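Coordinate analysis (summary)
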Amino acid sequence: MATMDESPFSLISLEDELSCSICLSPFNCPVTIPCGHNFCQDCLLATWKDCYSCPQCRTVFATKPELKKNTVLSTVVETLNSRLTKSGASVIPEKSKAKKKDVIRCDACMEAEASQTCHTCMASFCEEHLRPHRENPVFRVHQLTAPVSNLLERICTDHHKLMEFYCSQHARSICSICLQQVHKGCSFISSEDQRNLKESDLRGKLGLLDGKITKNETVVSQMRDMQNKLKDSATKRMKTLSAEYQQMRVMLARDERDALMAVERELESGQAKLKGLMKKFTENIDSMSKAKEDIHSLLSQSQTLGFLQASYNLPQNTNFDPYTPRINLDSKKVIASQAFAAALKEHLAEMFNQPFEARQVMLKPEKSAVPVSGGTGSQPESEQSDLQWQRRNPRSHSPGRSIMQPFIRPWNPVQHAQASASGFKPLSPGTMGLEPQWGLMATPQGSGSPPKAVSKKKVQKPKKGQKSTEDTMGNENLSSSMENLLEFNGKEAESREQPVAVTSDIPPNITSSEKRGELLKYATVLTLDQKTAHKRIALNEGFTKASVSDEHENYPDSPERFTVCSQVLTSKGFSRGRHYWEVKLSSNNFIGLGLAYKSIDRKGPTSRLGRNAQSWCVEWFNVKLSAWHNSSETVLVNPNSKRVGVLLDCEEGTATFYNVAGRAYPFHSFVFPFTEAVYPAFWIFSSGSSISLCKLQD
């Protein structure tokens, strides 16, 4: 304490620590907040308007902290102020006082404002006391400048001489005595020369900065011009693309109209023939009915002589047996139109599932490609099929020829063998992907059996381009006994006439695998929505696991709940960006993973995933893996997945399914336009089966 009394200015070094960082003045009623910083109470409360945060470290507090006065800090500030007052030093100005402009006074009279400063006398003088320097020749060698307020700073503290030199070696101003003693042997120049050198260096740096700024501004201007050019180029290209696609839509619409008109003409022609024949047979019926009445009249005659004398001949049309004509819509033009539509859809599906760079190659394949025969060779099966087709149709890929022109893809025996091995029976090469005419073919009377193309058993009409019709036929008995595998009646047939999304089959081989880390960049956290879960489905592990049993859960009634099919949606849907999630399967049997719009039916028989236009799914049914959309089935090669990843790209309109086993192997993709947000969806049927949403980590 004695030391502090002898040194009244020992606390001046703590002036910054004893000042509020908001008002920059000594603390007035200092308070401490939880982060440890101190402020004036009024200053801190003035900053707390919208939120509660520390003005210094920006720490945000959820609630308003309780403020208490820092008594120790307040005592230190009061001690500093009292000691400064007793020592006669100027007290630190308060925040309410404004700083006044410093006025340089005359060192002779101490009253008048100084006019000039003499660096030789080291004093400032007013006009009156400056007269000797102006009139007396003795003072002519003195250096006069504008008034200077910091004369003491120009005096060497060691020798009390004017620091008129600059030591280049130590980079500091020195006096003449310093030059002879401490800085003896150092290189030096005058302060004015050093100032000139420094000014020259700074002007050079200013020139460099001006040049760099000009160059950067030029580059920014060029990039702005490039932005405008890119925008103009993009606008032109979008217009060109829109025009091209519009032309293709017009071509497709015209071709569709022509194909429909051909069917209508065939229908009108067949109906006209049937109408003519029906008119003829009706006339025969009328003439035979009249003959029948005449015979009855003759039989009712009571006179035997008259009865015997009367004679009657049957009409001539009784000599011919009636027949049912065979009239159908199997004209060459109708069949060709239907075959072209199916083949075009398949070809477009193959192209749309390829990257943009590979589509041009599919349109115009290399002429140097070596054709293969017999469906074997080192080239992929799709290329073999394309080459065989080109050999049969050499004009199909000629320059200027549109992809919209008719073509029929050949039957591929390799694909046929692979499909047969997976339990899927494709169409034979004789059918060329065409479906038989159902219900439009008449059968001659007495034939005893329908035509070969028509089965006695009523089955669903296969969809155009659908690879199999016997899978659904073989599962009819099984579906009749299961809650979710419903037999769809005419409603399904109507839904199958609607356009479906483009699908693709991706073989799960190593060459098409992707690094799982690349997919995890789009990892998304999902939870299952209890409001949508069927009452057979139990949700566990924080709504990330769904299992199915025969016992119903005690869920409240909800309009969003599935009541027919044991399905559940997630609580989060997506309409933009990229999203990736993974699902762990307890078994590969009677489980479906997919996507659905929120508008999907919840109560009807068509609420099953993939059996409507509002959902897409891949489904494990026994040992068969299929992709479903709008009741259209595509049989896939089953990779026997235990962990399935799904990458949803809303911008591209694609959903790709991966078999995750160290790396990610894609095995199917859907391509479809978004009309609303899509939700991950799951179908589980077998009791004891379950699916779990995985926690993804890099």
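Residues numbered from 1 in each chain as written. Predicted model: local features only at pLDDT ≥ 70, side-chain atom pairs only at ≥ 80, totals over all residues. Heavy atoms only, no water.

The protein chain appears in an unreviewed UniProt entry as RING-type E3 ubiquitin transferase from Larimichthys crocea. The record in UniProt for the protein chain states the following under Pathway (unreviewed entry): "Protein modification; protein ubiquitination." Per UniProt, the comment on the protein chain under Catalytic activity (unreviewed entry) is "S-ubiquitinyl-[E2 ubiquitin-conjugating enzyme]-L-cysteine + [acceptor protein]-L-lysine = [E2 ubiquitin-conjugating enzyme]-L-cysteine + N(6)-ubiquitinyl-[acceptor protein]-L-lysine." (UniProt positions renumbered as here; feature names shortened; annotations may be inferred.)

**Observations concerning the pattern of salt bridges**
The final tally for this structure, using the stated rule, is 17 salt bridges. Among the salt bridges present, the one from glutamate 199 reaches arginine 195, with a minimum N-O distance of 2.9 Å. Here arginine 195 and glutamate 199 lie together in helix H6 (residues 191–299), a separation of four residues that amounts to about one turn. Glutamate 633 is the partner of lysine 624 in a salt bridge, and the nearest nitrogen-oxygen pair spans 3.0 Å. Residue class for glutamate 633 comes out buried when judged on its relative accessible area of 6%. Because the salt bridges share partners, they merge into one network encompassing Glu128, Arg131 and Glu135. (Salt bridge = Lys/Arg side-chain N within 4 Å of Asp/Glu carboxyl O. Helix = DSSP H or I, 4+ residues; strand = E, 2+ residues; numbered from the N terminus. Buried < 20%, exposed > 50% of the residue type's maximum accessible area, 1.4 Å probe, protein only.)

**Focus: the packing of H6 against helix H8 (residues 332–352)**
Two numbers describe how H6 lies on H8: the axes approach to 9 Å, and their chain directions differ by 145°. Helix-helix and strand crossings are classified by hand; for H6 and H8 the assignment is left-handed. Between H6 and H8, the contacting residues are Leu252, Asp255, Ala259, Ala262, Val263, Arg265 and Glu266 on the first element and Lys333, Val334, Ser337, Phe340 and Leu344 on the second. For the contact of H6 with H8, a count of residues per class yields seven nonpolar, one polar and four charged. (Axes fitted to C-alpha atoms, helices over the stretch in contact; angles between N-to-C directions. Left-handed = near helix turned anticlockwise from the far one by under 90°. Contact = heavy atoms within 4.5 Å. Nonpolar A, V, L, I, M, F, W, Y, C, P; charged D, E, K, R; others polar.)

**Examining unusual backbone geometry**
One non-glycine residue, asparagine 630, lies in positive phi territory at about 55°. Residue placement: asparagine 630 occurs in the loop between strand E18 (624–629) and strand E19 (632–636). With relative accessibility at 0%, the residue asparagine 630 sits in the buried group. Residues other than glycine seldom take positive phi values, yet serine 631 does so here, at roughly 65°. Within the fold, serine 631 resides in the loop between E18 and E19. Among the residues examined, serine 631 registers a relative accessible area of 1% and is labelled buried.

**Section: the sheet that holds strand E7 (residues 144–145)**
The strands making up a sheet associate through hydrogen bonds between their backbones, and the pairing can be parallel or antiparallel. Read from one edge to the other, the open sheet built from three strands follows the order E6-E5-E7, with strand pairing classed as antiparallel. Looking at strand neighbours, the two that pair on one side only are strand E6 (123–125) and E7, the edges of this open sheet. (Pairing = 2+ DSSP bridges.)

**A few points about the nonpolar core**
Counting residues in each nonpolar core, the largest one holds 37 residues, and the members touching the most others are Leu593, Val618 and Ile691. It is strand E16 (residues 591–597) that contributes the most residues to this core, four residues altogether. Judged by nonpolar contacts, the second largest core, of 17 residues, contains Leu18, Cys54, Val77 and Leu80. (Core = buried A, V, L, I, M, F, W, Y, C linked by side-chain atoms within 4.5 Å.)

**A look at the sheet that holds strand E23 (residues 678–684)**
Taken together, six strands build an open sheet; the order of strands is E14-E23-E16-E17-E18-E19 and the sheet is antiparallel. Of all the strands in the sheet, just strand E14 (567–569) and E19 have a single pairing partner and so form its edges. This sheet shows a mean twist of 20° between the axes of neighbouring strands, independent of strand direction. When strand E17 (residues 615–621) meets E18, the two strands line up antiparallel, connected through six bridges. By the bridge assignment, phenylalanine 621 is partnered in E18 with lysine 624.

**Quick notes on the packing of aromatic side chains**
Evaluated as defined, the whole model comprises 11 aromatic pairs. Ring geometry for phenylalanine 574 against tryptophan 581: centres 6.0 Å apart, planes inclined by 15°, an arrangement best described as stacked. For phenylalanine 574, a relative accessible area of 4% corresponds to the buried category. When its relative accessible area of 4% is taken as the criterion, tryptophan 581 is described as buried. Here the aromatic rings of phenylalanine 657 and phenylalanine 670 are separated by 6.0 Å at their centres, their planes lie at 80°, and the arrangement is edge-to-face. Of this pair, phenylalanine 657 sits in strand E21 (residues 654–661) while phenylalanine 670 sits in strand E22 (residues 663–671), placing them 13 residues apart in sequence. Both residues of the pair, phenylalanine 657 and phenylalanine 670, belong to the buried class. Taken together, the aromatic side chains of Phe590, Phe621, Trp683 and Phe685 make up a single cluster linked through ring pairs. Seen from the ring of phenylalanine 685, arginine 536 lies directly overhead, with NZ or CZ sitting 5.5 Å from the centre. Just above the ring of tryptophan 628 sits the side chain of arginine 611; from NZ or CZ to the centre is 3.7 Å. (Phe/Tyr/Trp six-rings, centres within 6.5 Å; stacked < 30°, edge-to-face > 60°. Lys NZ or Arg CZ within 6 Å of the ring centre and 35° of its normal.)

**Here we look at the pairing of strand E12 (residues 537–540)**
Of the pairings in the sheet, the one linking E12 to strand E13 (residues 545–548) comprises four bridges and is antiparallel in character. Considered in E13, the bridge of isoleucine 537 is made with valine 548.

**Overview of the environment of methionine 288**
By the secondary structure assignment, methionine 288 is in helix H6. For the pair methionine 288 and leucine 314, spaced 26 residues apart in sequence, the C-alpha to C-alpha distance is 8.0 Å. The residues contacting methionine 288, other than those within four sequence positions of it, are Asn317 and Thr318.

**Quick word on the UniProt feature "domain: RING-type" (unreviewed entry) in the protein chain**
When the UniProt feature table is mapped onto this chain, "domain: RING-type" (unreviewed entry) is found at residues 20–58. End C-alpha atoms of residues 20–58 are separated by 16 Å, and the span's content is 18% helix alongside 21% strand.

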